[in-house]
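Listed below, chain by chain, are the residues.
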Amino acid sequence: MLHVATTHSTVQDVEMTATIHDDLAKRELLPCEHVVDAGYTTPAHIERAARVHGITLLSPVVPDHSHQAKAGSGFGKSAFPIDWDNQQATCPQGSVSHEWRPLRISGHDYIQVKFAKADCQACPVRPQCTTSATRPRALALLPTRELHEIQTHNRLDQTTEEWQRRYAIHAGIEATLSQNVRAHGLRRSRYRGLKKTHVQHVLTALACNIARVADWLDAEPRTRRRATRFRTLCSAAA
């Protein structure tokens, strides 16, 4: 464990990704590849990590939550080619969008793309595109071409076996957290205040590192199971 950050409990994981990278950069401990879970990643974080620090941020991005994507049928967002230069999208039937405007959802910027009502009403495959009886199909895109392409690429990439093999190393991260929680009481603060709690977290990480180094240097392999009483008696008799 190379770095420890302590925050208030209300701070979301995703708010700390850039801070962690900046802190590691100050200590000249930046990794080439940083494997994190989905709670630490957005396309914007992937872009910033590569642009600012040259880090490949490996993590699953949030999948397409449209009902078409969830059902595995119909036309999800990936079925609509986007022309960023002309600010247009093309539907699977060849119709071109007629509206492109900024959109704000839950404090985040998007671009809303809408198709003409007349085109959607007359479309022979309308049931595969939208469940609305009257409204045309609309898409919410990330605000820039680069972020949209990162999202699209990662959504496709993370379904492949090669990506899954690369990401399998993440199991080691979960094991480290489990060790600190179960063996070193990481989730219980022994002190009041953020600064004192941070000291506890640093000492806990240090203890974990020492324990792991000691296990690595130990020449005697440790069995995971306790010796049975019968085996103990046999060993004593011998």
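Throughout this description, residue numbers start from 1 for each chain and increase along the sequence as written. A pLDDT threshold of at least 70 governs which residues receive local features in this predicted model, and a stricter bar of 80 or more applies before side-chain atom pairs are shown or counted, although totals over entire chains, interfaces and linings include all residues. Water and hydrogen atoms were dropped before computing side-chain values, which therefore reflect all heavy atoms in the structure.

(A) Summary view of a nonpolar patch on the surface. Each patch groups residues whose relative accessible area exceeds 30% and which form no salt bridge, using 9 Å between like charges and 5 Å between nonpolar side chains of Val, Leu, Ile, Met, Phe, Trp and Tyr. Note on areas: these come from Shrake-Rupley sampling with a 1.4 Å probe, and a residue is covered only by the protein chains present in the view. Criterion for a salt bridge: a side-chain nitrogen of Lys or Arg within 4 Å of a carboxyl oxygen of Asp or Glu. Taken together, the side chains of Val-199, Leu-203, Leu-206 and Ile-210 present a nonpolar region at the surface, about 380 Å² in accessible area. With respect to the secondary-structure elements, Leu-203 resides in helix 8 (residues 194–217). We count a stretch as a helix when DSSP gives it H or I for four or more residues in a row; a strand needs E for two or more, and each element gets its number in order from the N terminus.

(B) How the structure looks around the pairing of strand 5 (residues 99–105). Bridging between strand 5 and strand 6 (residues 108–114) involves 7 bridges; their strand directions are antiparallel. Within strand 6, the residue paired with Glu-99 across the bridge is Lys-114. By this definition, two strands are paired if DSSP reports at least two bridges between them. Linking two consecutive strands that pair antiparallel, namely strand 5 and strand 6, is a turn of 2 residues; a positive phi of about 50° is found at Ser-106 within it.

(C) Summary view of helix 8. Expected span of a helix, by definition, is 1.5 Å for each gap between consecutive residues, and there is one gap fewer than residues. An ideal rise of 1.5 Å per residue puts 34 Å on 24 residues; helix 8 measures up with 35 Å between its terminal C-alpha atoms. A contact between two residues is defined here by any heavy atoms of the two lying within 4.5 Å. In this structure, the buried side of helix 8 is in contact with helix 7 (170–184).

(D) Region of the structure containing the pattern of salt bridges. Inspection of the entire model under this criterion finds 7 salt bridges. The residue Arg-48 makes a salt bridge to Asp-22 at a minimum N-O spacing of 3.2 Å. A residue pair is termed long-range when its members are at least 10 positions apart, and Arg-48 in helix 2 (residues 43–53) and Asp-22 in helix 1 (residues 17–26) qualify at 26 residues. Only protein chains enter the area calculation, which uses a 1.4 Å probe; residues under 20% of their type maximum are buried, those over 50% are exposed, and those in between are partly exposed. The class for Arg-48 is partly exposed, based on a relative accessible area of 24%. For Asp-22, a relative accessible area of 25% puts it in the partly exposed group. Here Arg-166 and Glu-33 are joined by a salt bridge, their closest N and O atoms 2.5 Å apart. A residue pair is termed long-range when its members are at least 10 positions apart, and Arg-166 in helix 6 (residues 161–167) and Glu-33 in strand 1 (residues 33–35) qualify at 133 residues. Overall, Arg-166 belongs to the partly exposed group, its relative accessible area being 34%. Residue class for Glu-33 comes out partly exposed when judged on its relative accessible area of 35%.

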